[in-house]
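Read off the chains here:
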Amino acid sequence: RVVAYLGTLALHNHPVDLLLAAWNEVARAIPDVDLLIIGGGEDLPLLRDQAHRLGIENRVYFVGHIDQCWVPPYLALAEVSVDPVYDNVVARARSPLKIFESMALGVPVVTADVGDRAALLDNGRAGTLVAPGSVAALVTAMLGILREPMQQEIIKINARSFAQQYDWNKLSTMWETVYQRNDRAMMGLS
């Protein structure tokens, strides 16, 4: 069983240290689940050291940076993906691709209710929203999904369905229509 994090390992805007602190609790509560950290970055050594200090290094697998084509197969291994965030300007301004990738694969997402994340997760129907920066909230959300297979299945179905509105083909067609309308208006042809 796997929980995953996908993203950059740079603590100034991706607080994966929160996830490791939460994982310390989850690993004690559920002995047959491991954490897969997919991505590289400047703080990889610090995060490995944190896992070692917490005594969870044998339950955390750091994959490192991978080519984009490998994201779906790695992420599909997970029962849950986690996007830990604080409530700050950076987190409020981002719409993380990792959320869309998880939803498209039907992997339930746990993230904080910051910025547009609630809208991206259909107000919690396509994922789980927690308090930002809270280790306890991350623990509760991960354990809830891992221990409740029916809830996990409902979120998977909702996530896949809701993610369809973010399909690149649909978005590109929508934006093309907007640009064409704008071009016509600028030329006085509306």
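Residues numbered from 1 in each chain as written. Predicted model: local features only at pLDDT ≥ 70, side-chain atom pairs only at ≥ 80, totals over all residues. Heavy atoms only, no water.

(A) Region of interest: the sheet that holds strand E5 (residues 109–112). Here six strands make up an open sheet; going across it, the order is E3-E2-E1-E4-E5-E6 and the pairing parallel. Each edge of the sheet is formed by a strand with only one pairing partner; in this case those strands are strand E3 (60–64) and strand E6 (128–130). Across the sheet, the mean angle separating the axes of adjacent strands is 25° when strand polarity is ignored. Pairing of strand E2 (residues 34–38) with E3 involves four bridges; the strand directions are parallel. Within E3, the residue paired with Ile-38 across the bridge is Gly-64. Strand contacts of helix H7 (residues 135–147): strand E1 (2–6), strand E4 (80–83), E5 and E6, with the helix running at about 160° to E6, the strand carrying the most contacts. (Pairing = 2+ DSSP bridges. Helix = DSSP H or I, 4+ residues; strand = E, 2+ residues; numbered from the N terminus. Axes fitted to C-alpha atoms, helices over the stretch in contact; angles between N-to-C directions. Contact = heavy atoms within 4.5 Å.)

(B) Layout of the side chain of Glu-79. Tracing the chain through its elements places Glu-79 in the loop between helix H3 (71–75) and E4. In this structure the side chain of Glu-79 is engaged in a polar contact, spanning 3.2 Å, whose partner is the side chain of Gln-152. Dropping the residues within four chain positions of it, Glu-79 is found in contact with Arg-1, Val-2, Val-107, Pro-108, Ile-145, Leu-146 and Gln-152. (Polar contact = N/O pair within 3.5 Å; in protein donor to acceptor, adjacent residues only side chain to side chain.)

(C) Focus on empty space enclosed by the protein. What the rule picks out here adds up to one cavity of 30 Å³ or more. The computed volume of the largest cavity comes to approximately 40 Å³. Along its surface, the largest cavity is lined by Ala-4, Tyr-5, Leu-6, Ser-81, Val-82, Asp-83, Lys-98, Ile-99, Ser-102 and Val-109. Partitioned by chemical class, the residues of the lining of the largest cavity number six nonpolar, two polar and two charged. (1 Å grid on protein atoms, 1.4 Å probe; cavity = no way out; pocket = protein on both sides within 12 Å on 5 of 7 lines; lining within 4 Å. Points joined across faces, edges and corners; volume = space filled by probe spheres on them. Nonpolar A, V, L, I, M, F, W, Y, C, P; charged D, E, K, R; others polar.)

(D) Just the packing of helix H1 (residues 16–29) against helix H2 (residues 44–54), in detail. As a packed pair, H1 and H2 sit with axes 10 Å apart at the nearest point and diverge in direction by 20°. Regarding the angle of H1 to H2, the classification is roughly parallel. The interaxial crossing formed by H1 with H2 has right-handed handedness. The residues of H2 that touch H1, namely those facing Val-16, Asp-17, Leu-20, Ala-21 and Asn-24, are Leu-47, Gln-50, Ala-51 and Leu-54. Here the residues of the contact of H1 with H2 are counted per class, giving six nonpolar, two polar and one charged. (Parallel < 35°, antiparallel > 145°, perpendicular 65-115°, else oblique. Left-handed = near helix turned anticlockwise from the far one by under 90°.)

(E) A look at the pattern of salt bridges. Per the counting criterion, the structure on display carries nine salt bridges. In this structure, Arg-1 engages Glu-79 in a salt bridge whose closest nitrogen and oxygen atoms are separated by 2.7 Å. Remark: Glu-79 occurs in the loop between H3 and E4 and Arg-1 occurs in the segment before E1; sequence separation between them is 78 residues. The exposure class of Glu-79 is buried, given its relative accessible area of 17%. Between Asp-83 and Lys-98 there is a salt bridge whose closest N-O contact spans 3.8 Å. Separated by 15 residues along the polypeptide, Asp-83 in strand E4 and Lys-98 in helix H5 (residues 97–105) bring together distant segments of the chain. No difference in accessibility class separates Asp-83 from Lys-98, as the two residues are buried. Salt bridges sharing common partners tie together Arg-1, Asp-32 and Glu-79. (Salt bridge = Lys/Arg side-chain N within 4 Å of Asp/Glu carboxyl O. Buried < 20%, exposed > 50% of the residue type's maximum accessible area, 1.4 Å probe, protein only.)

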